[in-house]
Amino acid sequence: MRIKRAMERIPGGLMVIPLLLGAFINTFFPDLLRIGNFTQQLFVDGSGTLIALFLLCTGAQINLRSFGVSLAKGATLLTVKWVVGAAFGLIAYLLAGPDGLWLGLAPLAIVAAMTNSNGGLYVALVGQYGKEDDRAAYSLLALNDGPFLTMVALALFGAMGFVEGMFSIKDFISVLLPILAGMVLGNLDEEMRSFLAKGSDMLIPFFAFALGMGIDFAKIVEGGLGGILLGIMTVFFTGTAGYLVFKWFGWNPIVGAAEGSTAGNAVATPAAIAAANASFASIAPLATVQVAASTVTTAFLLPLYIAFLVKRLERKAAMKK
């Protein structure tokens with residue numbers, strides 16, 4: 001049986017399928033894996049530990065030795081992605097209804113999905129349309145993997161009085177320390193970076209399943225359509241913003257648009273935020289589902305949008321000749 005290959009045929013499948021499986025079991029057979037000891041610790045209660053280890057492995061991929069044009073491009077992509085995502089998150093908090101949602105979306109999901117990007121999709125698209133320094137920019141983009149930039153946005157919203165509950169310095173450290181530990185290890189030893197890179201991929205289906213064990217299928221029905229809308233917003237707003245900023249700098253605008261996605265690992269962000277601040281716990285399951293739906297949507301939609309932009313540039317170039 002080729003289980004892994006079959007899962008990978010679905011965009012984000014290594015994250016989405018275990019999440020749905022966990023939610024199915026939790027909805028219809030809630031006590032099946034809640035039998036204590038290692039079984040329950042891994043499949044039900046293990047999401048926090050697995051996500052922490054995932055963050056360490058991800059942190060190891062942040063390469064501090066990247067400088068020059070690639071650093072400038074990476075910093076620009078990182079900034080544009082965060083500003084657009086944070087701006088829409090703030091709008092969502094300001095316009096949210098009594099249920100705490102805006103357009104059916106959890107503001108937490110908006111910030112988590114729109115400030116995080118699919119590194120694999122970026123590398124694939126840039127490998128086709130970009131240059132070496134565009135690909136090298138990915139080392140800095142690893143900073144938007146995980147909950148750090150989401151926490152920064154929410155802390156700013158809290159300081160402005162738009163979000164209940166503030167993140168203390170201790171909260172930040174508790175989330176960032178695994179990332180920093182991985183970053184130190186990866187930059188001290190290139191072999192350690194390569195070793196931990198395998199872990200970041202391997203852990204995704206395990207923490208996704210454990211997260212699913214905390215979600216009722218009703219949340220998937222409630223959040224599915226909203227998550228598709230979130231994916232569309234992510235592609236067209238963050239992708240277009242990156243396109244325009246790169247065009248303004250005189251760089252390849254297609255590379256800027258290639259950041260218009262949501263990564264599978266972003267599905268862990270709502271749970272990590274809720275672990276750092278309990279005031280987000282009630283909305284975290286819905287936000288998790290919506291981020292997961294955004295991941296799948298952007299994986300399908302972004303390559304189509306990139307192809308449209310490429311043809312548009314080619315038509316403009318042909319008209320000038």
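Quick caveat, the model's predicted, so the values are computed rather than measured.

K.L.:
Can you walk me through the pattern of salt bridges in this structure?
P.N.:
Two side chains with opposite charge may pair up if their charged atoms get near one another. Inspection of every chain in the model, using the stated rule, returns one salt bridge. Residue Glu-190 pairs with Arg-193 through a salt bridge whose shortest N-O separation is 2.7 Å. Of this pair, Glu-190 and Arg-193 are both found in helix α12 (residues 190–202), three residues apart, which corresponds to roughly one turn of the helix. Its relative accessible area of 6% is what places Arg-193 among the buried residues.

K.L.:
Explain the environment of Gly-48 here, please?
P.N.:
You can see Gly-48 is positioned in helix α4 (residues 47–59). Residue classification places Gly-48 among the partly exposed residues on the basis of a relative accessible area of 46%. Distance from Gly-48 to Ala-275, taken between C-alpha atoms, is 7.9 Å for residues 227 residues apart in sequence.

K.L.:
Honestly, empty space enclosed by the protein in this entry has me stumped. Any pointers?
P.N.:
Sizing a probe to match a water molecule and rolling it over the atoms shows the empty space that remains. Going through the model one piece at a time under the given rule, you end up with one cavity of 30 Å³ or more. Of the volumes computed, that of the largest cavity is approximately 30 Å³. Secondary-structure elements contributing two or more residues to the lining of the largest cavity are α4 and α16 (269–276). Counting residues per element, the lining of the largest cavity draws most heavily on α4, at three residues.

K.L.:
When you look at the packing of helix α2 (residues 13–28) against helix α13 (residues 204–212) in this model, what are you seeing that I'm missing?
P.N.:
Pairs of packed helices are described in terms of their axes, by the angle between the two and the distance that separates them. Where α2 meets α13, the axes come as close as 7 Å, and the angle between the chain directions of the two elements is 30 degrees. Taken as axis vectors, α2 and α13 run roughly parallel relative to one another. Crossing handedness for the pair α2 and α13: right-handed. Across the interface between the two elements, Leu-14, Met-15, Pro-18, Leu-19, Leu-21, Gly-22, Ala-23, Ile-25 and Asn-26 from α2 touch Ile-204, Pro-205, Ala-208, Phe-209, Leu-211 and Gly-212 from α13. When the residues that make up the contact of α2 with α13 are grouped by side-chain class, the tally is 12 nonpolar, three polar and no charged.

K.L.:
Can you help me understand the side chain of Asn-187 in this one?
P.N.:
Relative to the helices and strands, Asn-187 resides in helix α11 (residues 169–188). For Asn-187, a relative accessible area of 11% corresponds to the buried category. For Asn-187, the side chain forms a polar contact with the main-chain oxygen of Met-183, separated by 2.7 Å.

K.L.:
Explain unusual backbone geometry to me, please; I cannot follow it from the model alone.
P.N.:
Working note: non-glycine residues mostly have negative phi, and peptide bonds are mostly trans. Backbone geometry at Asn-37 places phi at a positive 55 degrees, although glycine is not the residue there. Of note in the backbone geometry, Leu-103 takes a positive phi value of approximately 55 degrees without being a glycine. By secondary structure assignment, the location of Leu-103 is in the loop between α5 (69–95) and α6 (107–114). Taking relative accessible area as the criterion, Leu-103 reaches 54% and is therefore assigned exposed.

K.L.:
What am I meant to see in the nonpolar core here?
P.N.:
Side chains of nonpolar character tend, in soluble globular proteins, to be buried together. Ranked by internal contacts, the top residues of the largest apolar core, which has 34 residues, are Phe-88, Leu-108, Ile-110, Met-114 and Leu-230. At the level of secondary structure, the elements contributing two or more residues to this core comprise α5, α6, α10 (148–159), α14 (217–249), α16 and α17 (284–320). Setting aside chain neighbours within four positions, we find Ile-110 in contact with Gly-85, Phe-88, Gly-89, Ala-92, Trp-102, Leu-105 and Leu-230. Phe-54, Ile-179, Ala-208 and Leu-211 belong to the second largest nonpolar core, which has 28 residues in total.

K.L.:
Before we go on, may I ask you to explain a nonpolar patch on the surface in this structure?
P.N.:
A surface patch of nonpolar side chains, amounting to about 500 Å² of accessible area, comprises Leu-21, Phe-24, Phe-28, Phe-29 and Leu-32. As for its placement among the helices and strands, Leu-32 is situated in the loop between α2 and α3 (37–43). Since its relative accessible area comes to 51%, Leu-32 is described here as exposed.

Basis of the calculations
- Residues numbered from 1 in each chain as written.
- Predicted model: local features only at pLDDT ≥ 70, side-chain atom pairs only at ≥ 80, totals over all residues.
- Heavy atoms only, no water.
- Salt bridge = Lys/Arg side-chain N within 4 Å of Asp/Glu carboxyl O.
- Helix = DSSP H or I, 4+ residues; strand = E, 2+ residues; numbered from the N terminus.
- Buried < 20%, exposed > 50% of the residue type's maximum accessible area, 1.4 Å probe, protein only.
- 1 Å grid on protein atoms, 1.4 Å probe; cavity = no way out; pocket = protein on both sides within 12 Å on 5 of 7 lines; lining within 4 Å.
- Points joined across faces, edges and corners; volume = space filled by probe spheres on them.
- Axes fitted to C-alpha atoms, helices over the stretch in contact; angles between N-to-C directions.
- Parallel < 35°, antiparallel > 145°, perpendicular 65-115°, else oblique.
- Left-handed = near helix turned anticlockwise from the far one by under 90°.
- Contact = heavy atoms within 4.5 Å.
- Nonpolar A, V, L, I, M, F, W, Y, C, P; charged D, E, K, R; others polar.
- Polar contact = N/O pair within 3.5 Å; in protein donor to acceptor, adjacent residues only side chain to side chain.
- Core = buried A, V, L, I, M, F, W, Y, C linked by side-chain atoms within 4.5 Å.
- Patch = residues over 30% accessible without salt bridge, like charges linked within 9 Å, V, L, I, M, F, W, Y side chains within 5 Å.
- Areas by Shrake-Rupley, 256 points an atom, 1.4 Å probe, with all protein chains shown as cover.

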